[in-house]
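Summary of structural features
For reference, the chains in residue letters:
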Amino acid sequence: MSKFKLNEDKLFSFFVYFLITVITILVALPLVYVLGGSLAPRSEFVTRNFFLIPKEISLDAYKYLFNSSEFLNALKNSIIITGIGTFINMLFTTLMAYGLSKRWLVGRSIINFMVLFTMLFSGGMIPLYLIVNNLGLLDSYWSIWLVGAISPFYLIVMRGLFGNIPDELEEAAKMDGCGEWRLLFSIALPLARPAMATFTIFYIVSHWNSYFDAILYLHDQDKMPLQVLLRRLIIMEEDFFDPHIADIAFSQAVPLAAIIITIVPLIIIFPFFQKYFNKGFLLGSVKD
Amino acid sequence: MGNRFKKTAKPIQTASIPKVKNAREKRKKMIKRGLPIYLMLLPGVLYFLIFNYGPLIGLTVAFMEYDPFQGFLNSEWVGLEHFRRLFEERIFLDLLSNTLILGIYDIIFYFPAPIILALLLNEIRLRWFKSSVQTILYTPHFVSWVVIVGITAVLFSTQTGAVNNLLENNGYNRIELLTDSQYFRPLWVIHNIWNGMGWDAIIYLAAMSSVNPELYHAARVDGASRIQMTWHITLPSIMYVVIIMLILRMGGFMDLSYTHILLLQNPLNLNVSEVFDTYIYRAGILGGQFGYTTAVGLFKSMVGLILVMVANTIAKRMGKEGVY
Amino acid sequence: MKKYTLFFFVSVLLIGFLAACNNENTQNSNVAGESNEEFEPFNFDEHMTISMLTTGTPIEYEDNPIFELIEEKFNVTFDMQYYDRDDFDSYVNTLAASNNLPDIWRFGYNDPQMYSNWAEKGVYYDVKPLLEYHPDLEASIPTSAWEVLNPVDHFYGIPEYRLATRNMLAIRQDWLDNLDLEVPDTIEDFYKVAYAFAHDDPNGTGKKDTIGFSAIGLFSDEGTAWRGGAFGLARAWKEFDGELVPYQAQLKELEDYIGFMRKAYEDDVLDKDFMLHTDWRDANTRLSDGVAGIEYVNPNSVHRKEEVDIKEHDPDAELTYIDPPAGPSGERTTPTRPGYFKKVINSNVGAAKAHRILAILEWNVTEGYEITRHGLEDIHYTIHDDGTVEELDAWEEHQPADIGTALLRAWNPLHRSYWWLGDEFEETLGERYEWLEEFTWEDDNPGLISDTDIKIGAQLDAEFEQILTEVVVGQREMEDVELAVNTWKENGGNDIIEEINDAYSQYKEERN
């Protein structure tokens, strides 16, 4: 009986590994194209020899993007926007998600509905701009940080994850005379580390990738984040095609290289968060 | 929740006054207990009021001939004129059915994909394998639709696509993947899965990591196989997240990524690819028809609201927790 | 209970913000008339800050000697703002709503309606009275460009130069030679050559890997010209006996054109992916890829792009630039773009500032002309003893030519033919532009607008093109060309025709 189980488990395990490998290869192929393409010289695109891996490696596309005098400044701006922005996001979102996870809270349902409502209805770009303008936030990073301070979607999902913390734990803490704030910081947050890690990375990514708020609310070109710079380097104004624009600007490699430049920092930081949502923390805390 | 409470509370109210007092006092007590929590909610609530509810004033535009120099109150009011135009639109039913069909495709084919992926990933024990695979799987999230559609064209365009050249060289017919309207919906869904599956799986993985390992221990002692544990422990344990995600997805049922569809759209697949979002785009190109496009958006939001409310009610009837 | 609370919350907030937004909208609707305001011409003693909104890639402002020169000369500081071209119009609308419009901006890119509406509301400064101080600026721009889209006797906005006829037709000379063919002249010859390109192995690979030509859908300005125009199709509107007729209603011409394309598709002469293309460069890639034999190229960059690319496939590859083919009635047309782009001045700037702005623009076409092309000697270029000019690194950094064209916009097609590219380059380019102008594909509609067109025009056109594309690829029969025309007319096209013609007769009355 148990031997049969073992075999079944092995078979299952084999099946899982096999399937994941197949899926990963299928997902990876276009990514290899992006990476390979970003390194391919223009001539390989033209002769249609280029498919996945370039015969010759050319860093021209990267040089073109890195060479921009504003690159380092834009990178710095992106880091500031992302860093502080994510901190504000997590502060606002966590407090609210934790509060709303209390099933006994009077008025919880109204606020929940109010949050959901904002996911469905939005007043559009103009009124929001008027408010940002009236609050004197134009041309300041506060516009970006505050306008996107909470993603209702992440808030609702995070609230769900908080709500999954066993009531007994909370009761036990109550017995010990813990106030709500201490409960949050010493019990709920450590327990919800996977959720915290998940939404931190989600917020980081959304700040890192966004350019729309920046071009809308910022005027000062020195404040622009990396995404705005990359976008402008890629989208060239067609009717001003200058005979003097570097040849590389014509190459399909440039937009692909921009993707790689965007992804690499995220891939580097991802593992730091990954370890939190890949293993549970609950067991330890229950036993302590 | 509140409704049900009200229904049972009413008869009691007329029957015995002391109990009402009791209930009121209890409520007061609960509010008092909640004070620190309300404090926690305050920044968030203020945020939503200022940056989400404030701009809702912009919805008045759906009932006016908006003029930026007159603003949201003084522009000319036209009542339900924009809505009338939408409902009388010759292709309204086509738009509705195309949009709904894509929404259904999304729920049936896309929605389960990240869940299945997360369940599979959860079964992987090799650390290095798991983390590298995961990194690869979530990376497509950062590739824009322009590039995704571009790569599809490089591979599948009828004239020069690499795959099509390969097919023809081996004596097969070329596949008109981008121009034949029958491929539009499957292609759209496959793009979505490629782009979002790994990313959305992260949420489910986070939920799985909160599952109490003792449950697995107990099951193993009882002789459960891994496939049984996945089915009977892991899946039910993340069901609440699945339900939340599903309800939220219903709210965005009519919201399709218009850049993606617009990029895939061409005259030969227009009959299946024209949806509200691409229609709005076309209508708004000229004349800045804010009034009309806002009205169409409002209509979509209303449909989303109804779907969310229905889904939420069903979830609650089934004894699950909804989103509000 | 909670529903009421929610409702209450929302109402309170809405009212609060209504009040807030309401007093925000104080944009003055003064319909022209500030031109009488006192100011002393060419007295630049008072320092001014000029805010300017434009599209494109930002140009370095700080420590840029070109900007410094302008600042000093005119005693101004520029406050430059840039926005993406994609949704520039909605951004300008947002600025208008918040009373944040800059002093100068480019008017909505694709939207003549927006321009006219705003002109009516008095948002733009009428520069006509001030032009007496700036005769060189006025003379540098054709009168028709000053007048287009404007009501009689008002010049709102300064026209921006945009080459109307830029792209030229290129054919693979080496393929012609390989197949022993002559450069084609009539549309029939063209088809024969294109057919040979697709079927007679012009590149000698022994494979069927070439086509005649590609296209950008069926009706884009940039792609259809040599085909549609040759058959007498209007670019947009064409005058017949005093009435304007849109191309969607030209049944006879459409039948000829669609028939031509249908045959080309069936014969594998036309790119099978033509309906996927949205930008002229999509079609142009086929030339670079060595697939198509006839395609449009940009004269500004062809020597560094397509001429180089085709050599990757075949070292002997060579391009010849040819006249557009003559249609059955001898008509030849080249891709032509509308020329109503303008830079507008905010009506609330006052005459002194408007005058200062015009003075800067005038400088850009007179004294400053070479400075905003080549920059300053020994900073941006140096002249060698033998008279040749060499470009210096700072030129790329300070982008003088972008200040001259992208920002200030001198009215000159040759702005980009720099000294260091040699006289020959400038000459060739000049000749090519002059040559292409002969084939301008005029739109007989002088910028008139139809409400129905604005509301549903794009939708109708999409359906129109859908039916005709299906005809071309053989999913429908040729009879359905008529169906496409009738569907277009019945669903609103007739109204569009009527509205435009009403406006047209009024327009003609006003000008006579």
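Attention in this report is confined to the structure presented alongside it. (Residues numbered from 1 in each chain as written. Chains lettered and ligands numbered in written order. Predicted model: local features only at pLDDT ≥ 70, side-chain atom pairs only at ≥ 80, totals over all residues. Heavy atoms only, no water.)

1. Let's talk about the pattern of salt bridges
Here is the rule we go by: Counted as salt bridges are all cases of a side-chain nitrogen of Lys or Arg within 4 Å of a carboxyl oxygen of Asp or Glu. Counting from the N terminus, the helices are the DSSP runs of H or I reaching at least four residues and the strands are the DSSP runs of E reaching at least two. In this scheme, a residue with accessible area under 20% of its type's maximum is buried, one over 50% is exposed, and one in between is partly exposed, where area comes from a 1.4 Å probe on protein chains only.
Within the structure shown, the criterion is met by 31 salt bridges over all chains. Residues Asp277(B) and Lys300(B) are paired through a salt bridge, measuring 2.8 Å at the closest nitrogen-oxygen approach. Placement of the pair is Asp277(B) in helix H15 (residues 276-284) and Lys300(B) in helix H16 (residues 290-317), with a sequence separation of 23 residues. Two residues, Lys252(C) and Asp256(C), come together in a salt bridge whose shortest N-O distance is 2.7 Å. Residue Lys252(C) and its partner Asp256(C) are both found in helix H10 (residues 251-266); the two are separated by 4 residues, about one turn of the helix. The partly exposed category is assigned to Asp256(C), whose relative accessible area is 28%. One continuous salt-bridge network, built from bridges that share partners, spans Glu81(B), Arg84(B) and Glu88(B).

2. Examining the sheet that holds strand E4 (residues 158-159) of chain C
Residues and elements named next belong to chain C. Keep this limit in mind: When DSSP finds two or more bridges between two strands, those strands count as paired. Whether two residues are in contact is decided by their heavy atoms, any of which lying within 4.5 Å being enough. The angle between two axes is taken between their N-to-C directions and runs from 0 to 180 degrees, where each axis is a line fitted to C-alpha atoms and a helix contributes only its stretch in contact.
With mixed pairing, the 5 strands of this open sheet are ordered in space as E2-E1-E3-E11-E4. Whereas interior strands pair on both sides, the edge strands pair on one side only; in this sheet they are strand E2 (76-83) and E4. Strands strand E1 (48-55), E2 and strand E3 (104-106) of the sheet are contacted by helix H3 (residues 88-97), whose axis makes an angle of about 145° with E1.

3. Focus: the nonpolar core
Quick reminder of the rule: By convention a nonpolar core is built from buried Ala, Val, Leu, Ile, Met, Phe, Trp, Tyr and Cys residues, the set being connected through side-chain atoms within 4.5 Å.
One finds Met96(A), Tyr204(B), Trp118(C) and Tyr124(C) to be the most contacted residues of the largest nonpolar core, which totals 182 residues. Top contributing element to this core by residue count: helix H14 (residues 253-277) of chain A, with 13 residues. Not counting residues up to four positions away in its chain, the partners in contact with Met96(A) are Ile111(A), Val115(A), Ile150(A), Leu155(A), Met40(B), Leu41(B), Gly44(B), Val45(B) and Phe48(B). Within the second largest apolar cluster, 60 residues are counted, among which are Leu169(C), Ile187(C), Tyr257(C) and Leu270(C).

4. Considerations on helix H11 (residues 280-288) of chain C
At 3.6 residues per turn, the α-helix brings residues three or four places apart onto the same side. Residue and element names in this part refer to chain C. Here is the rule: Any pair of N or O atoms that falls within 3.5 Å is considered a polar contact. Within protein, one atom must be able to donate a hydrogen and the other to accept it, and sequence-neighbouring residues count only if both atoms are side-chain atoms.
Inspection of H11 places Trp280, Ala283, Asn284, Arg286, Leu287 and Ser288 among the buried residues, and these make up the whole buried set. Of the residues that open H11, the one with a side-chain oxygen 2.8 Å from the backbone nitrogen of Arg281 is Asp279. Gly290 occupies a position one or two residues after H11 and carries a positive phi of about 75°.

5. Quick notes on the packing of aromatic side chains
Each pair of aromatic rings is reported with the distance of its centres and the angle of its planes. To keep things clear, this is the line we draw: Centres within 6.5 Å make a pair out of two Phe, Tyr or Trp rings, where for Trp the six-membered ring is used; the pair is then stacked when the planes are under 30 degrees apart, edge-to-face when over 60, and tilted otherwise.
Scanning the model with the defined rule gives 67 aromatic pairs over all chains in all. On the numbers, 5.7 Å between centres and 75° between planes, the contact of Tyr98(A) with Phe162(A) is edge-to-face. Taken together, the residues Tyr98(A) in helix H4 (residues 71-100) and Phe162(A) in helix H8 (residues 152-163) connect sequence positions 64 residues apart. With relative accessibility at 4%, the residue Phe162(A) sits in the buried group. A ring pair is formed by Phe117(A) and Phe121(A), whose centres lie 4.6 Å apart and whose planes are at 20°; its orientation type is stacked. Judged by relative accessible area, Phe121(A) falls into the buried class, the value being 5%. Put simply, the rings of Phe153(A), Tyr154(A), Phe199(A), Phe202(A), Tyr203(A), Phe270(A), Tyr138(B), Phe142(B) and Trp199(B) touch in pairs and so form one group of aromatic residues.

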